[in-house]
Amino acid sequence: MIKVTFVCLGNICRSPMAELIFKDILNKQGLSNKFDVTSCATSSYEIGEPIYHLAKQTLTKHNIKGSHIAKRISKQEIESDFILVMDSSNYRDVMKLNGVDKNKVFKLCDFTDNPRDVADPWYTRDFETAYNDIVDGCTAFLQYLKTNKKI
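Draft legend 1. Summary view of the layout of surface pockets. Space inside the largest pocket adds up to approximately 240 Å³. Considering the residues around the largest pocket, the lining is formed by Cys-8, Leu-9, Gly-10, Asn-11, Ile-12, Cys-13, Arg-14, Tyr-45, Glu-46, Asp-120, Trp-122 and Tyr-123.

Draft legend 2. Main features of the sheet that holds strand β4 (residues 105-107). If you trace the four strands from one edge of the open sheet to the other, you get β2-β1-β3-β4, paired in parallel fashion. Either end of the sheet is taken by a strand with one partner, and the two such strands are β2 (35-41) and β4. When strand polarity is set aside, the average angle formed by the axes of neighbouring strands in this sheet is 25°. Alignment of strand β1 (residues 2-8) against strand β3 (residues 82-85), held across four bridges, turns out to be parallel. Across the sheet, Val-4 pairs through a bridge with Phe-82, a residue of β3.

Draft legend 3. Quick look at the nonpolar core. Val-4, Phe-6, Met-17, Phe-22, Phe-35, Leu-108 and Phe-141 are the most contacted members of the largest nonpolar core, which totals 37 residues. Of all the secondary structure elements, the ones that give two or more residues to this core are β1, α1 (14-28), β2, α2 (53-61), β3 and α6 (127-147). Per-element tally for this core: the top contributor is α6, with eight residues. Excluding residues within four positions of it along the chain, Phe-6 makes contact with Ser-15, Ala-18, Glu-19, Phe-22, Val-37, Thr-38, Ser-39, Cys-40, Leu-84, Met-86, Leu-108 and Cys-138. Within the second largest apolar cluster, ten residues are counted, among which are Ile-73, Ile-83, Val-85 and Met-95.

The rules behind each value
Residues numbered from 1 in each chain as written. Predicted model: local features only at pLDDT ≥ 70, side-chain atom pairs only at ≥ 80, totals over all residues. Heavy atoms only, no water. 1 Å grid on protein atoms, 1.4 Å probe; cavity = no way out; pocket = protein on both sides within 12 Å on 5 of 7 lines; lining within 4 Å. Points joined across faces, edges and corners; volume = space filled by probe spheres on them. Pairing = 2+ DSSP bridges. Helix = DSSP H or I, 4+ residues; strand = E, 2+ residues; numbered from the N terminus. Axes fitted to C-alpha atoms, helices over the stretch in contact; angles between N-to-C directions. Core = buried A, V, L, I, M, F, W, Y, C linked by side-chain atoms within 4.5 Å. Buried < 20%, exposed > 50% of the residue type's maximum accessible area, 1.4 Å probe, protein only. Contact = heavy atoms within 4.5 Å.

Structure (C-alpha cells):
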C-alpha cells in the first residue's frame, strides 16, 4: 500500500481537492486498493473546518465526490511514502518538520511537463485553475509511479 499525503497551508482548498481528485482517478483506474490517500495542513488556521465551499463547488462541477475535515500534519502523515505539497511555501514548511524524510517531499506539479506551484485560489477565487493544476499534477504523479514500477 502506497501512502500519499497532499499538503497545503490550511487544508480546506487545494490539498483536499487533490486528495479527492486523486482518489477519483485511482477509483476510475481500479487502483484504489493500492493506496492510502489523505491531506493535511501545515498550519492550524482551519483545523476542524470542512472543505471550502468554492472548492467543493468546483469538485461537484467535475463530478468529484467526497468530503473532508481539515487537520494539521502529524507524525502519521510525515511517515507517508509521498508528501505532495501544493507550492514552494508548503515545501519549505514541510522540510522544516522534525522527522520528515526529505526524499519523500515533492511539489505536486513537479511531476508534470510544466513544473510549477498549484495556483492558490484563496485570494483569486479562481478554483478552476487550481483544479486544472491539480488534475495535471495527480495524473503526472500516477504516471510517474507506473513508469517507475512503484505500482
